[in-house]
Structures are given as C-alpha cells and as structure tokens.
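Summary of structural features
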Amino acid sequence: MSIKLEKVVQKFYESLDEGKMMGRKCSACGNVEFPPVYACNKCGNYETEWYEISGKAKVHSIVLPAALSSKPEYKKLGKYAYGEVELEEGTRLNAVIRGISKKNRAELTAKLPVDCHASIFEREGGFKTVVFDLDE
Amino acid sequence: MSALGKYSRSVSIIGVGCTPFMYTVDNPETDGLTEGEMFGYAALTAMEDAGVNPRDVDFYFHGQASPLNGSNYLTPNVQIANWFGMKGKGSIHHSEACCTGYLAIEQAVNAVASGKYNCVLTGAVEFGDSTPSPADNIETPKHPYKRDKMTMDKFLRTTSWLYDRTYTRSLMAGQELIYDDAAEWYVRTRGITAEQMNDTINWMCINNRRNASVNPLAIERKTYEELAKEQGMTLDEYMNSPFNPRMGDFLRAGGVELKCDGAAACIVCATEEIGRIAKNLKHKPIEVLAIGSAACEATTPHFEVRATEEAVRQAYEATGLTGDDLDLFYANDFIITSHLISAEIAGYLPYGEGWKYICEGRTAWDGDKPINTNGGRTSFGHAHAASGLADMYEACRQMWGECGEHQVKKLPKTTMLRGYGGAQNVAAVLIRTLDK
Ligand SMILES: [Zn+2]
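All of these numbers come straight from a predicted model, not from anything done at the bench.

Let us look at the overall build of chain B. A count of helices and strands for chain B gives 17 helices and 11 strands. In terms of C-alpha radius of gyration, chain B reaches 20 Å, essentially the compact-globule figure of 22 Å for 436 residues. Projected onto the principal axes, the alpha-carbon positions of chain B cover approximately 55 × 55 × 45 Å. Here chain B holds 436 residues, and the buried ones make up 64% of them. Across chain B, contacts joining residues at least 24 apart in sequence account for 74% of those joining residues at least 6 apart. On chain B, roughly 15700 Å² of surface is accessible, and the fraction owed to carbon and sulfur atoms is 52%.

Right under this line is the structure:
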C-alpha cells in the first residue's frame, strides 16, 4: 500500500491536451472514478490507478439549457443539453451532451438511454474539458 | 451509508426568533442595519421566547452562507456576541450555504446531546441583497454600516463559489442542472407530461404566495390572484404569461428564490434541564428526534434526489417513523421543484400523486397537507443561511398554535424540515412536540 501525494487534477488536464481522457481505476474492486480522485468511492480502497476511459457512454436524462442555465461561452457548444451520463465503465456523472435540441428532444427522451461518446472541448481560460456527443 | 445512533440525552427547542425577511437597503427604516443588529434581534427574541437569560446560554453557533462577500468578515461569530449579552462566550461559525440554517439545528443538538452544554443558541444572518459599501470588491475598506445593493451579476459570480473548481465548473453541467434536474427526474419517473409539470410549478408558486400573504414576516405578500386581476387576466393566463417568464427548461421566474436579508435563531436545551434553565418557559418543548444528513457534490447525477433519499432514510430508520406520521412539512425550495420532490421522497405526499395535491391547493396553509406555511423561498424570501432557522421558527410556532391568521387547521405534532443547499448538503430534521 502506498498512498501518494500527487497532482491528479493537473495530470487530468494535461492528458486532455494530449488527447487522452483519464480516470482512476480501483485496484481492489475495479470501480472507475471519473473525473479522477484518490480513493475508491465504491469499496473505500485508499488507492486507485490511472486508467484511460474508452469514451463510450449512455445518456440517461436530458435537460435543455435556458436563460438561467447557460452562459455566453456555452454558445460554442452548438446544440446541447445537460444530463446524467453513464460511462461504459459504469461511472455516472452530470455532463454536457452535444447534438440535442428542442427538435429531437422528445424523440430522444422516448428512447433513453441513448448512446454517446466523450469528446475533448476547449474552454475559455486556457484549458480543455470533457463533453459528450450523441452517436449517430 | 450511515446509520444514526440515539442521542445520549433528549434535546428540545424551547424558543425561536426571526426578523422579517426584507430588502434592507430599499427602505430608509431598515437601510443601514448591521449584522449585530439583525442577529442580535433574532437571538434576543429567541431567548425571550424560551424564557432564558443570555447568561444561561453556554455557547452559540453562528451561520452565514457567505460572510466574506456579505459582511467583509472571516470570523463573523466573534464580531457580534456582545450584541446579545454573550460577550466572552465560546462560539463557532459555519456555512453550508443555503442548508446552513438546518444544519445549525444539527450542530446545536449534537453539542447538547453530548452533555457538553446544557443550553445553546443557534442562529444565522444573511444579507443576500446587499454587500458592505463600496461594493466594488472584497478587498477595499468598507463603511461601518452603509451597504450597496448586490447586482444579479455579482450574485451569480459569487454563487459559482458553491461548485467544485477543479472539475465541476469545468465540466459545465452540475451547476446548471440545479434549476431543472428535479423537474426532469419527476416527469420521467412519474410519467407526467411537461404541461402537468408546468402547472405543478405554477401551483407551488401560487400556494407559497397564499401562505406568505397572511404572514407578516414574509417579503412578498401580494397573491398571484391579485396580480392576475391587476392585469385583467385569469390566474392561469397570468402564470403562463411574460409576467412569469420561462427561465429554465421547466422553471419559471416565480419558482426562483427571492434573495433578501434576514436573521433567525433558536434556543436548544437539554430536555432534562429545561425546568432549571428556562425559568419563564412559555411553550411545550419541541424535541429533536433525529437529523439525517447527506451531501452530493454537483457532478453527482440527481444530487438533490439522491441526498434527500439518504437523509430521509436515516431519520426514519433512527425513529421508526414514516411519512404517515408527519403533520407538517417544510422544504427549502429556492428552486421550487424541491417542494414537490422532497415531500414525495419523505412520504408526506403519496408517490406519483404529490403534483395533484399541489395543483388542488391541498398543500397551502389551510389545506390538509400543508407545506411551507410561511411562504417558502419564493414568497417568504431567502436570506440564505437564515432560511432554515426561519422555517424552524415557523414550524415551532405552528406546533405551538401561535400562527394566528395562518394557523394550520389541525395542530401539528410531528414535523419534518428538509434542508438543501450549498451544492448540495441535505438535512432531514424530524421534530415532535413533547407531551408534558
Ligand atoms: Zn473499489
């Protein structure tokens, strides 16, 4: 056992610059933490190890942005929604999903969960983040 | 998942105090009120209500969501103890943002149940509508009492402090889902239509406002019926008009908090010591039965739902009570859907049927399932940290039968308060009037 004092956040963002989406996998139970943190929130193991996620995912819920829930910068996303996303590895998180609008919302909602995949998106402020795109 | 143990001894609320919720800078009579004056008023009225002297109070808890921005203080508890006769006494400041006032009860009860203190004050103050003058930035020297209105732009910039800087803000979703996630979850899991959710959201606003209209401490007291009449519209037309614009995917303007200024406080005492300490006791003690707690950071899917389910489960498992035992319910509904989903998760309203109770007006103060009898965050107002204790003030006064014009029909004995806030802490506070 070796709990390391290490820069997990910096490595996550630097990996995005290199085109890789990194989470952390529990060495005891296999649970994947994404975004990456030190410990496993499933079994409580102190340690997790770097793990590149496949990017395959499913959308479980759809909320469209509106006056209260958008920012000028988000225009760059094109058509998008917010929702619960489940990675192929089983991890669930709130995320942005591109390709959803008022037009296809009802049709997609009836089909939930729908397939999507992770993409790297450049934010203002000199860093990249992870969003999801619908598989078509 | 945590299981709650039994308190080492019984703890009761014996007195409550609350200021009106207001926009202090908008009225010459209240413009210039300070932290010591607001908190001091709530604290002293709570002590008077409990029949205790400040010298009998061992310690106090001070809640304020954003003391640096709102008061230019790092240690707000230290600055004001002398305003209510507790100079030199120990105290601690805490912030769980909008959940502060509910977890203020948790802090106080634990301190007394442990045996460390017999009687404590727990209070909170917030200036949600203004900041010390000049309002340019937190670093410049501030005037002793003058305040400037807080712009919506500044408010929104400081609310970003509620969210994880390392991942959540960057991922862009958690902080935006606060407005509509609960509505989407309810529509999808209960199988109602978006139109039915729209009506339900409107009726929560209407009911909250009806409650506030008969509560002198509430910030907004003109009913939606009156507002519609002024525009020559029916109630339904008004609620779906540009006077109540759509601001979120489901949410309309009327379903968002009225951020404002206010303070509230409670006196919490070891039940076995009440006779000795509260020499002028006025009411039956209200015992704190259990407080369930959970917190989900905003990248957690359906954070409000998940944390509420867990907090409620803890409180019910610890007490053996169920939703059927509740006579009265409060939900911190700064986003009004909280009101529906937490009452249903707590079993106060039946699964999948809560929206109908709301649309039939049964959850207004004079209905058979009253919720937020003070008017809730959209009509009573939201002085962030103080709101939970203002709800406790109202709950206790309802349970003592002291609410006059808006006293609920059946005297409530058992009440749940569902605290929520700070992206996102949740508390499920269960209280019951003691039989003498
Ligand atoms: Zn694990």
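Still more ground to cover, so stick around.
A word on the overall build of chain A. Within chain A, the secondary structure is distributed over two helices and eight strands. Across chain A, helices and strands are ordered from the amino to the carboxyl terminus as α-β-β-β-β-β-β-α-β-β. Its C-alpha atoms put chain A at 50 × 35 × 25 Å along the principal axes. Taken across its 136 residues, chain A has 49% of its residues classed as buried. Carbon together with sulfur atoms contributes 50% to the accessible area of chain A, which is approximately 7100 Å² in total. On chain A, the mean spot of the 21 positive side-chain charges and the mean spot of the 20 negative ones are 5 Å from each other.

The next subject is the sheet that holds strand β3 (residues 90-94) of chain B. Residues and elements named next belong to chain B. What the nine strands build is an open sheet, ordered β3-β2-β4-β7-β1-β8-β11-β10-β9; its pairing is mixed. Unpaired on one side and paired on the other, β3 and β9 (328-331) mark the two borders of the sheet. Here the strands of the sheet are splayed against their neighbours by 25° on average, with no regard to which way each runs. In this sheet, strand β10 (residues 414-421) lies alongside β9 in parallel orientation, the contact comprising four bridges. Bridging across to β10, Ala-331 finds its partner in Arg-418.

All names here are of chain B. Structurally, the position occupied by Asn-207 is in helix α9 (residues 194-213). Taking C-alpha positions, Asn-207 is 29 Å from Asp-49, a pair spaced 158 residues apart along the chain. Apart from residues no more than four positions distant in its own chain, Asn-207 is found in contact with Ile-358, Gly-361, Thr-363 and Ala-364. At a separation of 3.1 Å, a polar atom in the side chain of Asn-207 contacts the main-chain carbonyl oxygen of Ile-358.

Here the focus is a negative patch on the surface. All names here are of chain B. A contiguous patch of negative charge on the surface is contributed by Glu-195, Asp-199, Asp-236 and Glu-237. Contributions of two or more residues to the negative patch are made by α9 and α11 (235-239). Structurally, the position occupied by Asp-199 is in helix α9.

Here we come to the coordination of the zinc ion. Residue and element names in this part refer to chain A. The protein atoms donating to the zinc ion are Cys-26 (SG), Cys-29 (SG), Cys-40 (SG) and Cys-43 (SG), with metal-donor distances spanning 2.3 to 2.4 Å. What the four donor atoms of the zinc ion show is an angle range of 104 to 113° at the metal, which sorts the shape as tetrahedral. Along the chain, the residues that donate to the zinc ion are spaced as C-x2-C-x10-C-x2-C. Pair noted here: Cys-29 is in the loop between β1 (22-26) and β2 (32-33) and Cys-43 is in the loop between β2 and β3 (48-52), with a separation of 14 residues, a long-range link. Owing to a relative accessible area of 38%, Cys-29 belongs among the partly exposed residues under this scheme. Taking relative accessible area as the criterion, Cys-43 reaches 41% and is therefore assigned partly exposed.

This part covers the sheet that holds strand β5 (residues 80-87) of chain A. With respect to topology, five strands assemble into a closed barrel ordered β4-β5-β6-β8-β7 (chain A), the strand pairing being mixed. Going across the sheet, the axis of each strand differs from the next one's by a mean of 55°, ignoring polarity.

To continue, consider unusual backbone geometry. Each neighbour pair has its own omega, and for Leu-112 of chain A with Pro-113 of chain A the value is -5°, a cis peptide bond. Of note, Pro-113 of chain A is situated in the loop between α2 (102-111) and β7 (114-123). You will see that Asn-72 of chain B, though not glycine, has its phi angle at about 60°, which is positive. Among the structural elements, Asn-72 of chain B can be located in the loop between α2 (67-71) and α3 (76-80). Positive phi, close to 50°, is recorded for Asn-372 of chain B, a residue that is not glycine.

We now examine the packing of aromatic side chains. All names here are of chain B. In total, this model carries 17 aromatic pairs over all chains according to the counting rule given. Ring geometry for Phe-329 and Tyr-348: centres 5.5 Å apart, planes at 20°, overall stacked. In this pair, Phe-329 sits in strand β9 while Tyr-348 sits in the loop between α14 (337-345) and α15 (354-359), placing the two residues 19 residues apart along the sequence. The same class applies to Phe-329 as to Tyr-348, namely buried.

On to the pattern of salt bridges. Throughout the structure, instances matching the rule amount to 32 salt bridges over all chains. One salt bridge connects Lys-128 of chain A with Asp-17 of chain A, and the closest N-O pair in it is separated by 3.6 Å. In this pair, Lys-128 of chain A sits in strand β8 (residues 127-134) while Asp-17 of chain A sits in helix α1 (residues 8-17), placing the two residues 111 residues apart along the sequence. The shortest N-O distance in the salt bridge between Lys-413 of chain B and Asp-435 of chain B comes to 3.0 Å. Of this pair, Lys-413 of chain B sits in the loop between α17 (387-399) and β10 while Asp-435 of chain B sits in the segment after β11 (425-433), placing them 22 residues apart in sequence. For Lys-413 of chain B, a relative accessible area of 31% gives the class partly exposed. Using a relative accessible area of 59% as the deciding quantity, one classes Asp-435 of chain B as exposed. Here the salt bridges do not stand alone but share partners, grouping Asp-26, Asp-129, Lys-149 and Lys-259 of chain B into one network.

The rules behind these values
Residues numbered from 1 in each chain as written. Chains lettered and ligands numbered in written order. Predicted model: local features only at pLDDT ≥ 70, side-chain atom pairs only at ≥ 80, totals over all residues. Heavy atoms only, no water. Helix = DSSP H or I, 4+ residues; strand = E, 2+ residues; numbered from the N terminus. Rg over C-alpha atoms; globule rule 2.2 N^0.38 Å. Buried < 20%, exposed > 50% of the residue type's maximum accessible area, 1.4 Å probe, protein only. Contact = heavy atoms within 4.5 Å. Areas by Shrake-Rupley, 256 points an atom, 1.4 Å probe, with all protein chains shown as cover. Lys, Arg positive; Asp, Glu negative; His and termini not counted. Charge placed at Lys NZ, Arg CZ, Asp CG, Glu CD. Pairing = 2+ DSSP bridges. Axes fitted to C-alpha atoms, helices over the stretch in contact; angles between N-to-C directions. Polar contact = N/O pair within 3.5 Å; in protein donor to acceptor, adjacent residues only side chain to side chain. Patch = residues over 30% accessible without salt bridge, like charges linked within 9 Å, V, L, I, M, F, W, Y side chains within 5 Å. Salt bridge = Lys/Arg side-chain N within 4 Å of Asp/Glu carboxyl O. Donors = N, O, S within 2.8 Å, 3.2 Å for Na, K, Ca; no water. Tetrahedral: all angles 85-135°; square planar, octahedral: opposite > 155°, others 65-115°. Phe/Tyr/Trp six-rings, centres within 6.5 Å; stacked < 30°, edge-to-face > 60°.

Fair warning: the whole summary comes from geometry, so function is off the table for now.
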